[in-house]
Amino acid sequence: MIDDIIEISKQAGNLIREGFGKSLHIEYKTTEINLVTEIDKASEKLIIDFIQKKYPSHSILAEECGGVTKDSEYIWVVDPLDGTTNFTHGLPIFSVSIGLQKNNETIAGVVYDVMQNIIYSAELGGGAFANSEKIKVSSTESLKQSLLVTGFPYNVAENPEGAFELFIALTKNARGIRRLGSAAIDFCYLSSGVFDGFWEVHLHPWDLCAGKLIAEEAGGLVTDFIGNAINIYSKKILSTNGRIHDQIIKVMNNI
Ligand code: IPD
Ligand code: CA
Ligand code: CA
């Protein structure tokens, strides 16, 4: 099935690339900072049509339309365009993210970094790859030498889970912090050793399903902010190379 996920991710990515830089029809979702374009919708339709044709009995959880619930052990978790704000502003950092779960366990994940043309992929127990190259997390040992990445949800103005305080505390304790605007890409750059850690609050299942598996298969650790195991519905996500995990948790819990 991984080949199918890669194939449809590429098709969706090609559609997105063709729309990049063109004039877009932008609609607001929950608020004026939460955007959706006709490209998000077209990408999602392409992916859903593919799944329904090839795997008609499977459930789908998809960001824009909600998806389709079937009596199946399989569920596809789809973010048709992760990084919509970047996409609409002409910043070339966005992706397609598709995870596949069987009995609530993620068994495959693909993130297509559209403008870099890199397919990040993982199957449970099979390692993580960038195109066909095996990838692994960094070996950085100390938070002070770490480059971290984060993001903010669309309800950021409400300071969910103390997001601003977390940002300040980690900025003071790490080498640097970046904010790219695609959580799926954040996970992949963590997985390939560019970033040493990534945290975010109030992500959605489609933001993290594929990326979490890729990070774990690259040797990374993914937990909540006190080190407990999480699932794709969790609201506090911390992913690191494993070595700096406890150092970040300590900072987070000493605010
Ligand atoms: C968003 C991006 C962003 C993250 C937000 C997400 P979208 O997804 O992943 O990096 O900070 O929390 O909602 O809306 O572009 O698919
Ligand atoms: Ca997203
Ligand atoms: Ca999206």
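Calculation rules
- Residues numbered from 1 in each chain as written.
- Chains lettered and ligands numbered in written order.
- Predicted model: local features only at pLDDT ≥ 70, side-chain atom pairs only at ≥ 80, totals over all residues.
- Heavy atoms only, no water.
- Helix = DSSP H or I, 4+ residues; strand = E, 2+ residues; numbered from the N terminus.
- Rg over C-alpha atoms; globule rule 2.2 N^0.38 Å.
- Buried < 20%, exposed > 50% of the residue type's maximum accessible area, 1.4 Å probe, protein only.
- Contact = heavy atoms within 4.5 Å.
- Areas by Shrake-Rupley, 256 points an atom, 1.4 Å probe, with all protein chains shown as cover.
- Pairing = 2+ DSSP bridges.
- Axes fitted to C-alpha atoms, helices over the stretch in contact; angles between N-to-C directions.
- Near = heavy atom within 4 Å.
- Polar contact = N/O pair within 3.5 Å; in protein donor to acceptor, adjacent residues only side chain to side chain.
- Nonpolar A, V, L, I, M, F, W, Y, C, P; charged D, E, K, R; others polar.
- Donors = N, O, S within 2.8 Å, 3.2 Å for Na, K, Ca; no water.
- Expected span 1.5 Å × (residues − 1).
- Arc of directions from axis to C-beta.

1. Side note on the overall build of the protein
Step number 1: Summing up its helical and strand segments, the protein has 7 helices and 15 strands in all.
Step number 2: Computed over its C-alpha atoms, the radius of gyration of the protein comes to 17 Å, within 12% of the 18 Å expected for a compact globule of 255 residues.
Step number 3: In terms of principal-axis extent, the alpha carbons of the protein reach across some 50 × 40 × 35 Å.
Step number 4: Relative to its full complement of 255 residues, the protein shows a buried share of 54%.
Step number 5: Considering only contacts within the protein whose residues lie at least 6 apart along the sequence, 62% involve residues at least 24 apart.
Step number 6: Accessible surface computed for the protein: about 11,400 Å², of which carbon and sulfur atoms make up 50%.

2. A few points about the sheet that holds strand β14 (residues 221–223)
Step number 1: Judged by pairing direction, the sheet is mixed, and its 5 strands sit side by side in the order β12-β11-β13-β15-β14 without closing on themselves. The two strands at the open ends of the sheet, each matched to only one other strand, are β12 (176–178) and β14. Averaged over all neighbouring strand pairs, the angle between strand axes comes to 20°, with direction disregarded.
Step number 2: Bridging between strand β11 (residues 147–150) and β12 involves 3 bridges; their strand directions are parallel. When the bridges of β12 are listed, leucine 147 appears paired with glycine 176.
Step number 3: In this fold helix α5 (residues 183–191) packs onto β11, β13 (197–201), β14 and β15 (236–240), with an angle of close to 155° to the strand it touches most, β13.

3. Focus: the site of ligand 1
Step number 1: The environment of ligand 1 is made up of 17 residues, and the closest members are Asp82, Gly83, Tyr154, Ala183 and Glu200.
Step number 2: One nitrogen or oxygen atom from the main chain of threonine 84 is found 2.9 Å from an oxygen atom belonging to ligand 1.
Step number 3: Residue tyrosine 154 places a side-chain N or O atom 2.6 Å away from an oxygen atom belonging to ligand 1.
Step number 4: In the complex, 96% of the free accessible area of ligand 1, which totals 380 Å², lies under the protein chains.
Step number 5: By residue number, the principal contributor to the shell around ligand 1 is strand β5 (residues 74–82), which donates 3 residues.
Step number 6: Here the shell around ligand 1 is built from residues that sort into 6 nonpolar, 5 polar and 6 charged.

4. As for the coordination of the calcium ion (ligand 2)
Step number 1: Around the calcium ion (ligand 2), the protein supplies Asp79 (OD), Asp82 (OD) and Asp207 (OD) as donor atoms, at distances of 2.1 to 2.2 Å.
Step number 2: Here the donor residues of the calcium ion (ligand 2) are spaced in sequence according to D-x2-D-x124-D.
Step number 3: Between the calcium ion (ligand 2) and the calcium ion (ligand 3) the interatomic distance amounts to 3.7 Å, and aspartate 79 serves as a bridging ligand to the pair. Residue aspartate 79 is located in strand β5, and its partner aspartate 207 is located in helix α6 (residues 205–217); the two are separated by 128 residues in the primary sequence.
Step number 4: Classification of aspartate 207 as buried rests on a relative accessible area of 9%.

5. Focus on the sheet that holds strand β3 (residues 59–62)
Step number 1: Spatially, 8 strands are ordered β4-β3-β5-β6-β7-β8-β9-β10 in an open sheet, and the strand pairing comes out mixed. The sheet terminates laterally at β4 (66–68) and β10 (133–135), the two strands that pair on one side only. Taken pair by pair, the neighbouring strands of this sheet meet at an average axis angle of 20°, ignoring direction.
Step number 2: Strand direction decides the pairing type here: β3 and β4, joined by 3 bridges, are antiparallel. Following the sheet pairing, leucine 61 is matched in β4 by glycine 67.
Step number 3: Running at roughly 155° to β5, helix α2 (residues 38–54) makes contact with β3, β4, β5 and β6 (95–102) of the sheet.

6. Quick notes on the environment of serine 239
Step number 1: Checked against the element boundaries, serine 239 lands in strand β15.
Step number 2: Classification of serine 239 as buried rests on a relative accessible area of 0%.
Step number 3: Sequence spacing of serine 239 and aspartate 186 is 53 residues, and the spatial spacing of their C-alpha atoms is 9.7 Å.
Step number 4: Those residues in contact with serine 239 that lie beyond four places of it in its chain are Phe187, Leu190, Gly197, Phe198, Ala215, Leu221 and Val222.

7. Digging into α2
Step number 1: Helix length check: α2, at 17 residues, gives a terminal C-alpha distance of 24 Å against a target of 24 Å (1.5 Å per residue), a fit within 8%.
Step number 2: Taken as a whole, α2 has its buried residues at Ile39, Asp40, Ser43, Glu44, Ile47, Ile48, Phe50 and Ile51. On an axial view of α2, the arc spanned by its buried residues comes to 165°, and they lie on one face. Pointing more than 90 degrees away from the buried face of α2 are the exposed residues Lys45 and Lys53.
Step number 3: Elements in contact with the buried residues of α2: α1 (2–19), β2 (35–37), β3, β5, α3 (84–89) and β6.
Step number 4: Where α2 begins, one side-chain oxygen reaches toward the backbone nitrogen of isoleucine 39, 3.1 Å away; that side chain belongs to threonine 37.

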